[in-house]
Amino acid sequence: MGPLVYYCRWRGARLRLRGRDAEAVWGQLVTAEAGQERAETFRFDLVSWQLWLGESGERRLQLDEMGVVTDETPPAS
């Protein structure tokens, strides 16, 4: 789970964990924008270090061991 924690630290986001199993953790990433809280649903694969963002996993980020995005699949237009 280290890469996810680092990713949140670099982005200034907080984790709201909603669940966990042997393969993944999921919940919300919370950021502050213009004084307002913004929560985005996520699922993080503990084996591949892929971070899926959005209600249906519209966006995929591949993280390295330090939480840096090495590859990104943008949401479908």
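This is a predicted model, so every value here is computed, not measured. (Residues numbered from 1 in each chain as written. Predicted model: local features only at pLDDT ≥ 70, side-chain atom pairs only at ≥ 80, totals over all residues. Heavy atoms only, no water.)

J.: So what's going on with the pattern of salt bridges? Residues and values would help.
T.: Tallied over the full model, the rule gives six salt bridges. Of the charged contacts, one joins E37 and R16 as a salt bridge, the two residues approaching to 2.7 Å between their closest N and O atoms. Remark: R16 occurs in strand 1 (residues 14–20) and E37 occurs in strand 3 (residues 36–45); sequence separation between them is 21 residues. R60 is paired through a salt bridge with D71; the nearest N and O atoms lie 2.7 Å apart. Here R60, found in strand 5 (residues 59–63), pairs with D71, found in strand 6 (residues 69–73); they are eleven residues apart in sequence, far enough to count as distant. Look at D71 and you get partly exposed, because its relative accessible area is 38%. (Salt bridge = Lys/Arg side-chain N within 4 Å of Asp/Glu carboxyl O. Helix = DSSP H or I, 4+ residues; strand = E, 2+ residues; numbered from the N terminus. Buried < 20%, exposed > 50% of the residue type's maximum accessible area, 1.4 Å probe, protein only.)

J.: Describe the packing of aromatic side chains, listing the residues and the values that go with them.
T.: What the rule picks out here adds up to one aromatic pair. Residues Y6 and W10 carry aromatic rings whose centres are separated by 6.0 Å and whose planes lie at 10 degrees to one another, so their mutual orientation is stacked. Taken together, the residues Y6 and W10, both in helix 1 (residues 2–11) and four residues apart, mark about one turn of the helix. (Phe/Tyr/Trp six-rings, centres within 6.5 Å; stacked < 30°, edge-to-face > 60°.)

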